[in-house]
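Chains, contacts and geometry: an overview
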Amino acid sequence: MAFRKKADVILGHNPDILIIPECEHPDKLKFSTNIPKPYDTLWFGKNHHKGLGIFSYSNFKLKPCRFHNPEFQMIMPIIVKNEKLKFTLYAVWANNPDDPDGQYVEQVWKAIHYYDKHLKNKTAVLAGDFNSNTIWDRKYREGNHSNVVKRLEEKGIYSTYHLHHKQVQGKEQHPTLYMYRHKDKPYHLDYCFVSSNLADKLQSVEIGDYESWTQYSDHVPVIVTSN
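1. Considerations on the overall build of the chain
Scanning the chain from terminus to terminus reveals six helices and 13 strands. In terms of C-alpha radius of gyration, the chain reaches 17 Å, essentially the compact-globule figure of 17 Å for 227 residues. Considered along the principal axes of its C-alpha atoms, the chain spans approximately 50 × 45 × 40 Å. Within the span of the chain, comprising 227 residues, buried residues form 48% of the whole. By element, 48% of the accessible surface of the chain is carried by carbon and sulfur atoms, the whole surface being about 12,200 Å². Side chains of the chain carry 30 positive and 26 negative charges; the gap between the two charge centres is 5 Å.

In structure tokens, the structure reads:
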């Protein structure tokens, strides 16, 4: 929350695209004069204090996809394009407390089935806070994290972190969340999945460290760089 107070920290990493869960509405984003303004912005949500913000800080334009299903308000398909590149970004903040089937990973499970035919293209990116990990799989629930990963991999879409760092789901060495900002409560909940041809262009996947980021959030950034 309060992205306007923290933007300068993440902008020091010169991002092209930022996905910010729990982001305040753009009307509240009154940046100080020394903070670069985004080239393009999209925001989704009902609570003006906590929504899903997507920001372009390069020459990428952002446009919501026509096939978006508002039932999945916090899993938003977006066309991202400039003169050289075009891809479909599914910005994720898996959180719908009104769904009796489950408010977290169940949202992603439902969304990837609804968007099934669109995920068949070779330029898909799913990134954000999935609020899930294999360690919380429920044995008799189909919509769990492991099945989400399996379904995406069947479509040639892979987690950049696990691919780049050769990690196993559920045994990640680098947490992305420190619950209540406690160092002894680490979890890996944030992901960036990409189509295989985009994965081939990966240069690095960085996970922010506890000491540098805990003063700003209980989450740390996942920074994915490609050529």
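Alright, that's what it looks like, and here's the rest.
2. Topic: the sheet that holds strand β2 (residues 40-47)
Strand order in this open sheet of three strands is β1-β3-β2, and the pairing throughout is antiparallel. At either end of the open sheet lies a strand with only one pairing partner, and these are β1 (17-23) and β2. Going across the sheet, the axis of each strand differs from the next one's by a mean of 10°, ignoring polarity. Pairing geometry for β1 and strand β3 (residues 50-56), over six bridges, is antiparallel. Counterpart to Pro 21 in the pairing with β3 is Leu 52.

3. Here we look at the pairing of β2
With six bridges connecting them, β2 and β3 associate as antiparallel partners. The partner of Trp 43 across the bridge, within β3, is Gly 53. Between the end of β2 and the start of β3, which pair antiparallel, lie two residues.

4. A word on the pattern of salt bridges
Per the counting criterion, the structure on display carries nine salt bridges. Between Glu 24 and Arg 4 there is a salt bridge, with the nearest N and O atoms lying 2.3 Å from each other. Here Glu 24 is found in the loop between β1 and β2, whereas its partner Arg 4 is found in the segment before α1 (7-11), with 20 residues between them in sequence. With a relative accessible area of 3%, Glu 24 lands in the buried category. Accessibility expressed as a relative area gives 31% for Arg 4, which makes it partly exposed. Ionic pairing is found between Asp 99 and Lys 110, a salt bridge with its closest N-O pair at 2.7 Å. Highlighted residues: Asp 99 in the loop between β6 (86-93) and α2 (105-114) and Lys 110 in helix α2, separated in sequence by 11 residues. Residue Lys 110 is classed as partly exposed on the basis of its relative accessible area, which comes to 23%. A cluster of three or more residues bridged by salt bridges with shared partners is formed by Asp 116, Lys 120, Arg 151 and Lys 155.

Rules behind the numbers
- Residues numbered from 1 in each chain as written.
- Predicted model: local features only at pLDDT ≥ 70, side-chain atom pairs only at ≥ 80, totals over all residues.
- Heavy atoms only, no water.
- Helix = DSSP H or I, 4+ residues; strand = E, 2+ residues; numbered from the N terminus.
- Rg over C-alpha atoms; globule rule 2.2 N^0.38 Å.
- Buried < 20%, exposed > 50% of the residue type's maximum accessible area, 1.4 Å probe, protein only.
- Areas by Shrake-Rupley, 256 points an atom, 1.4 Å probe, with all protein chains shown as cover.
- Lys, Arg positive; Asp, Glu negative; His and termini not counted.
- Charge placed at Lys NZ, Arg CZ, Asp CG, Glu CD.
- Pairing = 2+ DSSP bridges.
- Axes fitted to C-alpha atoms, helices over the stretch in contact; angles between N-to-C directions.
- Salt bridge = Lys/Arg side-chain N within 4 Å of Asp/Glu carboxyl O.

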